[in-house]
Structures are given as structure tokens and as C-alpha cells.
Amino acid sequence: MPAWCLYRDAARKEHLGREAEAARAEIANLRPQEARFQDAPLKVYGQHDEATIAQMRNSMSVGVVKGVICADGHLGYAQPVGGVIAYEKQISISGVGFDIGCGNMAARLDTPFESIRDAAPLLARDIAKVISFGVG
């Protein structure tokens, strides 16, 4: 392995340690999670950097029912890429992997859902044909 790889890896480890510490500090300053969500389970598949798990715990600090970090999880912008968070009555689109070019499969319409309920599957299919989601 070239010497520069060792320096790069050491710098990355140091950087991840600083980010993990910052995430722990943020968590300490947040208002407490509602009692019924305080023990929201986090399932972790595979081995992950401490910073990735700290970022996920930070993401799970408000109104979260359950969280998962998948085997390919790594630090993201708002929550770990490969992390999935279930909120009560909410959907999080921030978990999409922005760093790998994923798209948010959402389209805002001026039409009330009730008036397009029957056509929604066809509309979603047509939107997916026109707008690129993810790689490819």
C-alpha cells in the first residue's frame, strides 16, 4: 500500500472521530425525546464507523419509532446513507443517498389527492419514466 494511503486513512479516521464527537454533543443539547419514543430500537447490519452510528442516533432523536442502518451504511448529509428511519405518521426523504445521485421520487401537484386517487399508480409510473431516480 502506498504511504499516501496510510496518511489518507489516518486523516479519515481522525475526521470521523471529530464528527462522532460533534454528533454526540448535538444529541446532548437536543430536547428529550418523548417518553414513548426514548427507547426507539436501532437495528444495525454489518460493521460501521462510530460516526455513522452517532449520526443515526442523532437522526433518531425526535419522534422516531424505529431505525435501521443497512450493511452498506455510511455517513450522509442529514442521516446515514443506508439508514432508514420510521417516524410516527411521517415520511423522511432526507435518508435518500444524495451522495450517490439518488433522486427523491416525489412530485408536488396542485391537485388534491382525492381527485386523482384512482389515477395515482399511472401518474407515478409516468413520472418515473420521465424523471431519473437513482443511478441509471
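Please refer to the structure placed before this passage.
Quick notes on the overall build of the protein
When you go through the protein residue by residue, the secondary structure sums to four helices and three strands. For the protein, the sequential pattern of α-helices and β-strands runs α-β-α-β-β-α-α. Burial statistics for the protein: of 136 residues in total, 24% are counted as buried. A separation threshold of at least 6 residues defines the contact pool for the protein, and within that pool the share at least 24 residues apart is 48%. Carbon and sulfur atoms make up 58% of the accessible area of the protein, which totals about 9,800 Å².

Digging into helix 2 (residues 50-59)
Helix 2 sits mainly inside the fold: seven of its 10 residues count as buried. If you check which residues of helix 2 are buried, you get Ala 51, Thr 52, Ala 54, Gln 55, Met 56, Asn 58 and Ser 59.

What to know about the pairing of strand 2 (residues 64-74)
Looking at chain direction, strand 1 (residues 42-44) and strand 2 are connected through three bridges and run parallel. Directly across from Lys 43, in strand 2, lies its bridge partner Val 68. Read as a crossover between parallel neighbours, the route from strand 1 over helix 2 to strand 2 is left-handed. Where strand 2 hands over to strand 3 (residues 81-87), the hairpin turn is made up of six residues, counted between the paired strands.

Structural notes on the packing of aromatic side chains
On inspection of all chains with the given rule, the structure shows zero aromatic pairs. Geometry around Tyr 45 places Lys 43 over its ring, the cationic atom sitting 5.3 Å from the centre.

Regarding the side chain of Gln 55
Along the chain, the position of Gln 55 falls in helix 2. For Gln 55, a relative accessible area of 12% corresponds to the buried category. Within the local environment of Gln 55, its side chain forms a polar contact with the backbone oxygen of Gly 76, the two atoms lying 2.9 Å apart. Those residues in contact with Gln 55, other than ones at most four positions away along the chain, are Ala 23, Leu 75, Gly 76, Tyr 77, Ala 78, Gln 79 and Pro 80.

Considerations on the pattern of salt bridges
In the structure shown here, the tally under the stated rule is five salt bridges. The partner of Arg 117 in a salt bridge is Glu 114, with the nearest N and O atoms 2.5 Å apart. With relative accessibility at 42%, the residue Arg 117 sits in the partly exposed group. The exposure class assigned to Glu 114 is exposed, which follows from its relative accessible area of 57%. Close ionic contact of Arg 125 with Asp 126 constitutes a salt bridge, the shortest N to O distance being 3.0 Å.

Some points on the side chain of His 48
Note that His 48 resides in the loop between strand 1 and helix 2. Residue classification places His 48 among the buried residues on the basis of a relative accessible area of 15%. Polar contacts involving the side chain of His 48 include one to the main-chain carbonyl oxygen of Tyr 45, which spans 2.7 Å. In this structure the side chain of His 48 is engaged in a polar contact, spanning 3.2 Å, whose partner is the backbone oxygen of Cys 70. Contacts of His 48, omitting those with residues within four sequence positions, involve Ile 53, Ile 69, Cys 70, Ala 71 and Gly 73.

Each value, and the rule that gives it
- Residues numbered from 1 in each chain as written.
- Predicted model: local features only at pLDDT ≥ 70, side-chain atom pairs only at ≥ 80, totals over all residues.
- Heavy atoms only, no water.
- Helix = DSSP H or I, 4+ residues; strand = E, 2+ residues; numbered from the N terminus.
- Buried < 20%, exposed > 50% of the residue type's maximum accessible area, 1.4 Å probe, protein only.
- Contact = heavy atoms within 4.5 Å.
- Areas by Shrake-Rupley, 256 points an atom, 1.4 Å probe, with all protein chains shown as cover.
- Pairing = 2+ DSSP bridges.
- Right-handed = clockwise from strand over helix to strand, strands pointing away.
- Phe/Tyr/Trp six-rings, centres within 6.5 Å; stacked < 30°, edge-to-face > 60°.
- Lys NZ or Arg CZ within 6 Å of the ring centre and 35° of its normal.
- Polar contact = N/O pair within 3.5 Å; in protein donor to acceptor, adjacent residues only side chain to side chain.
- Salt bridge = Lys/Arg side-chain N within 4 Å of Asp/Glu carboxyl O.

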